[in-house]
Amino acid sequence: MTLSCLLAHAQVPGPFPAMPDGETTAAEDLSRMMWQMHFCRDMLPLRATHYRTAILPRLQSFGSDVRLRPAVDSLPEGNWTWATGTATTWPGDDGRGDDMAGRNHITRLGDGLWNNYIQAWEPGGDYFTGARFYGPLALHDLTGLTAADWPARRARLQAGVEEIYGRAPDGAAGLRVEWRIDSVRDVRLSWPRFDRACRCMTEGGERLANPFREYTVTGDVVNPSGYVARNTPVITGTLRVPAGTGRGAKIPVVVIFGGDESLWDTMAPAGIAVFFFNNQLLQPDRGGQDMSSYLIGLAGEGRWRAPEDWGTLVAWGWGVSRLIDFFESPANTTPVDARRVGVTGHSRYGKAALVAMAYDRRVAFAFPSSSGAMGAVQSRRHWGEEMENIAADPAAYYWLAGGSLRYVGLHPASTDGYMPRRVMDMPVDAESLLALCAPRPVFIGCGRPQAGEAWVDPYGQYLSAVAASPVYELLGGRGLVMTDVMDFRGQAVPMPVINRDYIEGDIAYRNHGGGHTAAPNYPAFLAFIRKYIHTNKK
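Residues numbered from 1 in each chain as written. Predicted model: local features only at pLDDT ≥ 70, side-chain atom pairs only at ≥ 80, totals over all residues. Heavy atoms only, no water.

## Description of the overall build of the protein
Of regular secondary structure, the protein possesses 14 helices and 16 strands. Looking at the 538 residues of the protein, the share that counts as buried comes to 56%. Pairs at least 24 apart in sequence give 68% of the contacts found in the protein among residues at least 6 apart. (Helix = DSSP H or I, 4+ residues; strand = E, 2+ residues; numbered from the N terminus. Buried < 20%, exposed > 50% of the residue type's maximum accessible area, 1.4 Å probe, protein only. Contact = heavy atoms within 4.5 Å.)

Pasting the structure below:
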């Protein structure tokens, strides 16, 4: 910690109330966690000056032609954009490098970090992606390791992951979930529609291509101590089972964070159920006052989070685990097979899907879609969305545990005020999440940078799959199978082809070539999981 940060902490002995309340803001809650962690970041006097005097010369010394500029020249402290971009970040429609000029959003953090879009193989890329600083993770060294040794190694990986994402506090173990099925109905027609001509609701509806039986499943979460949170958390959602599912049948289910009708229309013809999980009623996607309410507040009985306590991603995954408990219990009167519960989600919910599978070995398969940083992209890879954009931002910090702040900011070893970052000391990363899932099937899907997916780093998601593959192979599975390359100035760079399904291994990958959406990858996801689930199981 620098002298200025030490002085700042010396002057602030803890200006926070003993307990948070219903008026606590996200900025206040984050500040309190930063205070607990003794976190402080020296602020640069002017980001534009720092860029022109420190970063741009470094770029030029490596031969890069990249230029950055403030989005508004009169506001150098604001967000920055590419002015020229690079030509080889991702293949274009012709298979050659496409120009990324003007297509990337660049946030400038207080200590000068900017969201990089230079690949490792481009001029200076190994410096700006961190490749010069971040070697392989020690916990992923499998030298001399056998499958029998894996449980002990897995436990160490789990402990490292929990430092970043958090763990359920002791109070969570005692929480009781009281389950009920509120309603069951058969749906064969679409919802009635509003007729603008008569300005009235019409009767009936159109016949559905995939009719279903729908169950409304709810679990009230109760603290046996008698403590009641300001907002009562519930695990709830709607389960859709294909119409005509036979009596006594047991079928797979895909739990989806949020809702996407197109997932149902993809899964239903294959005889797979879909559970639309309303995770926001368990723990909202907000910080501040909500971190001492709902599930996190109920388990912690309204106290401030400790640095090791769970963030929202783990809390949402806890809800999936309790839902599996329900499917395993005698209270489950639905045809869902608890042994074949998968999970999916998009963007931040893609992060949640991967975390849920890593934390609970009963999750049979997963599709983390466009999950980006703190999902399927290595935080040590300095490209697109950064760990720092999440851990130290009032709009996202609550996804993670306070322990993540240990790895945010400039590393003391830096000699140029930019690289390396503290994240180089982090013992685990995205490939660790994937390793905790091994050897269960994981489908990693995303879109294309030129179509709006640059922030979630599609190539970085591929690299994480490569890094986790040896663990799958150690456990008798197959990692990612991908042999395609792109030519860059005579260099063969491994590069997945747009719209090609890489589903031969137990880690799958697909880039659908579109924007920030999951739906175009659903058919390939179905083809992938069909290898592992058999809808005639009972």
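Now, onward.
## A look at the pattern of salt bridges
Tallying each qualifying case throughout the model produces 25 salt bridges. Residues D360 and R362 are paired through a salt bridge, measuring 2.9 Å at the closest nitrogen-oxygen approach. On the accessibility criterion, D360 (8% relative accessible area) is buried. R500 is the partner of D484 in a salt bridge, and the nearest nitrogen-oxygen pair spans 3.0 Å. With D484 in the loop between α13 (458–474) and β14 (485–488) and R500 in the loop between β15 (491–494) and β16 (507–511), this residue pair connects regions lying 16 residues apart in the sequence. (Salt bridge = Lys/Arg side-chain N within 4 Å of Asp/Glu carboxyl O.)

## Some thoughts on the nonpolar core
Formed by 121 residues in total, the largest nonpolar core has its most connected members in F128, Y165, V221, F257, W310 and W318. Sorting elements by how many residues they give to this core places helix α9 (residues 312–328) first, with ten residues. In this view, V221 contacts L175, R176, V177, P233, V234, I235, L282, L295, L298 and W318; residues no more than four positions away in its chain are not counted. Within the second largest apolar cluster, 26 residues are counted, among which are I256, V274, I503 and I533. (Core = buried A, V, L, I, M, F, W, Y, C linked by side-chain atoms within 4.5 Å.)

## Details of α9
Between its first and last C-alpha atoms α9 spans 25 Å; for 17 residues at 1.5 Å apiece the expected length is 24 Å, and the two agree. Among the 17 residues that make up α9, 15 are buried, leaving the element largely enclosed by the rest of the structure. (Expected span 1.5 Å × (residues − 1).)

## Details of the side chain of T312
Note on placement: T312 falls in helix α9. Exposure remark for T312: the relative accessible area of 0% places this residue in the buried category. In this view, T312 contacts Q283, P284, M291, I296, Y398 and W399; residues no more than four positions away in its chain are not counted.

## Looking at unusual backbone geometry
M419 connects to P420 through a cis peptide bond whose omega is -5°. Along the chain, P420 turns up in the loop between α11 (388–391) and α12 (430–437). Between A438 and the following residue, P439, the backbone shows a cis peptide bond with an omega angle of 0°. Tracing the backbone shows P439 in the loop between α12 and β13 (442–446). Residues other than glycine seldom take positive phi values, yet E301 does so here, at roughly 50°.

## Observations regarding the packing of aromatic side chains
Under the defined criterion, the tally for this structure stands at 27 aromatic pairs. Centre to centre, the rings of F128 and Y418 are 6.2 Å apart; their planes meet at 55°, and the pair counts as tilted. Within this pair, whereas F128 is found in helix α4 (residues 125–128), its partner Y418 is found in the loop between α11 and α12, the two being separated by 290 residues in sequence. Like F128, the residue Y418 is buried in the burial classification. Ring centres 5.2 Å apart and planes at 45° place the aromatic pair Y459 and Y462 in the tilted group. Of the two residues, Y459 and Y462 both sit in helix α13, three residues apart, roughly one turn of that helix. By relative accessible area, Y459 is classed as buried at 4%. (Phe/Tyr/Trp six-rings, centres within 6.5 Å; stacked < 30°, edge-to-face > 60°.)

## Observations concerning the packing of α9 against helix α10 (residues 348–359)
Relative orientation of the contacting elements α9 and α10 amounts to 60°, with a least axis distance of 8 Å. Viewed along their axes, α9 and α10 adopt a mutual orientation that is oblique. Between α9 and α10 lies a crossing of right-handed hand. For the pair α9 and α10, contact is made by L313, V314, W316 and G317 and by R348, Y349, K351, A352, V355, A356 and Y359, respectively. (Axes fitted to C-alpha atoms, helices over the stretch in contact; angles between N-to-C directions. Parallel < 35°, antiparallel > 145°, perpendicular 65-115°, else oblique. Left-handed = near helix turned anticlockwise from the far one by under 90°.)

## A short note on the sheet that holds strand β4 (residues 176–189)
Spatially, nine strands are ordered β4-β7-β8-β10-β9-β11-β12-β13-β16 in an open sheet, and the strand pairing comes out mixed. Looking along the sheet, the strands with just one partner apiece sit at the ends: β4 and β16. Going from strand to strand, the sheet's axes swing by 20° on average, the running direction of each strand aside. With five bridges joining them, β13 and β16 adopt parallel strand pairing. Across the sheet, the residue bridging to I444 is Y509, located in β16. (Pairing = 2+ DSSP bridges.)

## Observations regarding the pairing of β14
Only one face of β14 is covered, namely the one carrying M486 and F488; the face carrying V485 and D487 has none of its residues buried. Two strands pair when backbone bridges link them, and β14 and β15 are joined in this way by four bridges, in the antiparallel orientation. Bridging from a neighbouring strand, D487 pairs with A492 of β15. Linking two consecutive strands that pair antiparallel, namely β14 and β15, is a turn of two residues; a positive phi of about 50° is found at R489 within it.

## Structural notes on the packing of α10 against α12
One can describe the packing of α10 onto α12 by two numbers: an axis separation of 7 Å at closest approach and a directional angle of 50°. The orientation of α10 with respect to α12, classified from their angle, is oblique. Judged by the sense of rotation from one axis to the other, the crossing of α10 with α12 is left-handed. Here L354, V355, M357 and A358 of α10 come into contact with α12, specifically with L433, L434, L436 and C437.

## As for the environment of S293
Note on placement: S293 falls in the loop between β10 (273–277) and α8 (294–300). Of the residues examined, S293 reaches a relative accessible area of 0% and is grouped as buried. What S293 contacts, discounting residues up to four positions off in sequence, is A229, R230, N231, Q283 and L298.

## Re α10
With twelve residues, α10 ought to run about 16 Å at 1.5 Å a step, and its terminal C-alpha atoms sit 17 Å apart, in line with that. The element α10 is extensively covered by neighbouring structure, given that ten of its twelve residues are classed as buried. Listed as buried for α10 are Y349, G350, K351, A352, A353, L354, V355, A356, M357 and A358.

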